Amino acid sequence: MLEAVRDRARPYFDDASPAHDWHHVQRVDTLAETLVDRHPEPVDDRVIHLAVALHDIGRSREDRGEIDDHATWGMREGGRILRDLGATTETVERVQHCIHAHRYSNDVEPATLEAKLVSDADNLDALGAVGLARVFAYGGEIGDPIHDPARPVAADDTDAGATQYNHIHKKILDLPARMYTAVGRDLAAERVAFVRAFLERLEREVRGET
């Protein structure tokens, strides 16, 4: 069933932003495998892989302004796909919860270990070198400036950050605190260290220093 679900999910990403394209899904799937392998408790990795394949199928629609919340829409659409392919009611409900709870900016808390691991894997892809690349790819796509000395983080009252630099401070640096598992926190600590080192370098360069 997993390959059939991936085949059904893939076309939803045909016009996706580079920050949320099918490569993102593949990276999250690999990260989820790493988390599962390192987690000490038994995990239903089938539910995790199904949820990862479907977790962002609504993202392009949200980016186009067609829906308000890609996690809620994706939960419903993902359930329809799973039922079409003959998944059991239990599997559908467990995967739907993972999809619904993965999003950074909603108030749905993961209630299962599988949902926690999906959320951690998704957030890990927003950290480190790949995470920074995604920030600047998406920021460029929507036209946000990289850095604006007239908009320091402390004076930026936007939720997501008015610049890409501010977004990293407001959202990305907060991700390690949002990890739900010990293995997720371990990987997040390594990746956020890279982000902090990058920010220190960026701050020196925008001041004209070497």
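How each quantity is defined
Residues numbered from 1 in each chain as written. Predicted model: local features only at pLDDT ≥ 70, side-chain atom pairs only at ≥ 80, totals over all residues. Heavy atoms only, no water. pLDDT = per-residue confidence, 0-100. Helix = DSSP H or I, 4+ residues; strand = E, 2+ residues; numbered from the N terminus. Axes fitted to C-alpha atoms, helices over the stretch in contact; angles between N-to-C directions. Parallel < 35°, antiparallel > 145°, perpendicular 65-115°, else oblique. Left-handed = near helix turned anticlockwise from the far one by under 90°. Contact = heavy atoms within 4.5 Å. Nonpolar A, V, L, I, M, F, W, Y, C, P; charged D, E, K, R; others polar. Expected span 1.5 Å × (residues − 1). Buried < 20%, exposed > 50% of the residue type's maximum accessible area, 1.4 Å probe, protein only. Phe/Tyr/Trp six-rings, centres within 6.5 Å; stacked < 30°, edge-to-face > 60°. Lys NZ or Arg CZ within 6 Å of the ring centre and 35° of its normal. 1 Å grid on protein atoms, 1.4 Å probe; cavity = no way out; pocket = protein on both sides within 12 Å on 5 of 7 lines; lining within 4 Å. Points joined across faces, edges and corners; volume = space filled by probe spheres on them.

**Description of the confidence of the model for the protein chain**
Here the protein chain shows a mean pLDDT of 93. Residues at 70 or above account for 100%. The secondary-structure element of the protein chain with the lowest mean pLDDT is helix α4 (residues 59–63), recorded at 91, while helix α3 (residues 45–54) shows the highest, at 97.

**A look at the packing of α3 against helix α7 (residues 113–124)**
α7 packs onto α3 with a crossing angle of 45° between their chain directions and a minimal axis gap of 9 Å. Taken together, α3 and α7 sit at an angle that is classed as oblique. Every pair of crossing elements has a handedness; the one defined by α3 and α7 is right-handed. Residues V47, I48, A51 and V52 of α3 form the contact with α7, whose own contacting residues are E114, L117 and V118. Of the residues in the contact of α3 with α7, the class split is 6 nonpolar, no polar and 1 charged.

**Some words on α7**
Two residues of an α-helix separated by three or four positions point the same way, owing to the 3.6 residues in each turn. Taking 1.5 Å as the rise per residue, α7 with 12 residues should run 16 Å; its terminal C-alpha atoms sit 16 Å apart, in good agreement. Counting buried positions over the 12 residues of α7 gives 11, a clear majority of the element. All of the buried residues in α7 are L113, E114, A115, L117, V118, S119, D120, A121, D122, N123 and L124. Where the residues of α7 are buried, they touch α2 (22–38), α3, α6 (89–101), α8 (128–142) and α10 (182–206).

**Topic: the packing of aromatic side chains**
Taken as a whole and assessed by the stated rule, the structure comprises 3 aromatic pairs. The residue whose ring lies beneath R59 is Y138, and the NZ or CZ to ring-centre distance is 5.8 Å.

**Some details on the side chain of Q164**
Relative to the helices and strands, Q164 resides in helix α9 (residues 164–170). What makes Q164 buried here is its relative accessible area of 4%. When neighbours within four sequence positions are excluded, Q164 is seen to be in contact with V135, F136, G139, G140, D144, P145 and I146.

**Some remarks on the layout of surface pockets**
By volume, the largest pocket is sized at about 720 Å³. Along its surface, the largest pocket is lined by 28 residues, and H20, R59, Y104, H167 and K171 are the ones closest to its centre. At the level of elements, α7, α8 and α9 are the ones that each hand at least two residues to the lining of the largest pocket. Per-element tally for the lining of the largest pocket: the top contributor is α8, with 6 residues.

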